[in-house]
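# Summary of the model geometry
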Amino acid sequence: NCVRSLLYLTIDSTIQPKLYGYIKRFEQMSDSINRIERRAERMAEYEKFIDSLVQSRNFEFNPQTVQQLPAGGTTLLSNPTYTVTLWRGSVDVCLPYYVGYVPPYRYVLINTVTPNVTDYQIHQTSEGWTVVFKCPLYATGDYTFTFDINSRLGGATLTISYPWYSPVQYTGTLSKIY
């Protein structure tokens with residue numbers, strides 16, 4: 001403010017309005033730069049948060065869509081009880097699932113908890129992480145769960161495969177288990 005006052009005293013009165021406009025625009029640009037820097041910091045913190053969730057092996061997947069592969073229609077999921085929770089080596093699954101290898105597919109609900117997680121693999125990719133594991137749910141064979149996680153965006157794609165059925169794919173987000 002002192003600098004501004006001194007400038008106004010020494011500058012011709014015809015130039016003062018232009019100068020004031022330049023100063024005002026500079027202040028607005030400075031505020032914008034601060035907001036951009038704060039947003040970049042929050043995005044970096046979020047990326048670290050997702051990375052720590054994946055590495056802890058304790059997270060919850062909240063699906064928002066489901067699709068029968070290879071070319072089934074995408075269905076929006078709005079039920080908040082649909083989740084896949086990984087916690088201390090066990091999996092808690094509550095998801096709609098389509099069984100069958102050829103149409104007509106049949107809708108079922110997978111609603112179970114299993115402590116038998118095997119072949120757990122985690123790989124860092126350029127986008128985030130790939131997490132793969134197997135577990136028996138209801139059948140004698142193992143279901144394969146493949147998570148493709150984008151750390152920057154916070155989104156994840158889950159593909160559940162079983163030898164006797166076509167794969168089913170879900171898109172959603174990850175969250176911390178409270």
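A few words now on the packing of aromatic side chains. Note on aromatic pairs: each is described by the distance of the centres and the angle between the planes. A complete count under the given rule lists 11 aromatic pairs for this structure. Residues Phe59 and Phe147 carry aromatic rings whose centres are separated by 5.7 Å and whose planes lie at 80 degrees to one another, so their mutual orientation is edge-to-face. Pair noted here: Phe59 is in strand β1 (residues 59-68) and Phe147 is in strand β8 (residues 143-150), with a separation of 88 residues, a long-range link. Accessibility expressed as a relative area gives 0% for Phe147, which makes it buried. For the pair Phe61 and Phe147, a centre-to-centre distance of 5.5 Å together with 75 degrees between the ring planes defines the contact as edge-to-face. Highlighted residues: Phe61 in strand β1 and Phe147 in strand β8, separated in sequence by 86 residues. Residue Phe61 shares its accessibility class with Phe147, and that shared class is buried. Put simply, the rings of Phe59, Phe61, Tyr120, Phe133, Phe145 and Phe147 pair up and form one aromatic cluster.

Bringing the nonpolar core into the picture now. If you look at the biggest cluster of nonpolar residues, it comprises 35 residues, and the most contacted ones within it are Phe147 and Tyr170. Secondary structure elements with two or more residues in this core: α2 (16-56), β1, β3 (83-87), β4 (90-99), β7 (128-135), β8, β9 (155-162) and β10 (165-175). Dropping the residues within four chain positions of it, Tyr170 is found in contact with Phe61, Pro63, Thr65, Val66, Leu77, Leu95, Pro96, Tyr97, Ala156, Thr157, Leu158 and Ile160.

With that settled, the discussion passes to the pairing of β10. Pairing geometry for β1 and β10, over 8 bridges, is antiparallel. Counterpart to Asn62 in the pairing with β10 is Thr173. Looking at chain direction, β9 and β10 are connected through 7 bridges and run antiparallel. Pairing of Ile160 across the sheet is with Val168, part of β10. Where β9 hands over to β10, the hairpin turn is made up of 2 residues, counted between the paired strands.

A cluster of basic side chains, namely Arg35, Arg38, Arg39 and Arg42, defines a positive patch on the protein surface. In this structure, Arg35 sits in helix α2. Judged by its relative accessible area of 41%, Arg35 is partly exposed.

Let us look at the pattern of salt bridges. One pass over the full model with this rule turns up 1 salt bridge. One salt bridge connects Glu47 with Arg152, and the closest N-O pair in it is separated by 3.5 Å. Within this pair, whereas Glu47 is found in helix α2, its partner Arg152 is found in the loop between β8 and β9, the two being separated by 105 residues in sequence.

The rules behind the values
Residues numbered from 1 in each chain as written. Predicted model: local features only at pLDDT ≥ 70, side-chain atom pairs only at ≥ 80, totals over all residues. Heavy atoms only, no water. Phe/Tyr/Trp six-rings, centres within 6.5 Å; stacked < 30°, edge-to-face > 60°. Helix = DSSP H or I, 4+ residues; strand = E, 2+ residues; numbered from the N terminus. Buried < 20%, exposed > 50% of the residue type's maximum accessible area, 1.4 Å probe, protein only. Core = buried A, V, L, I, M, F, W, Y, C linked by side-chain atoms within 4.5 Å. Contact = heavy atoms within 4.5 Å. Pairing = 2+ DSSP bridges. Patch = residues over 30% accessible without salt bridge, like charges linked within 9 Å, V, L, I, M, F, W, Y side chains within 5 Å. Areas by Shrake-Rupley, 256 points an atom, 1.4 Å probe, with all protein chains shown as cover. Salt bridge = Lys/Arg side-chain N within 4 Å of Asp/Glu carboxyl O. Lys, Arg positive; Asp, Glu negative; His and termini not counted. Charge placed at Lys NZ, Arg CZ, Asp CG, Glu CD.

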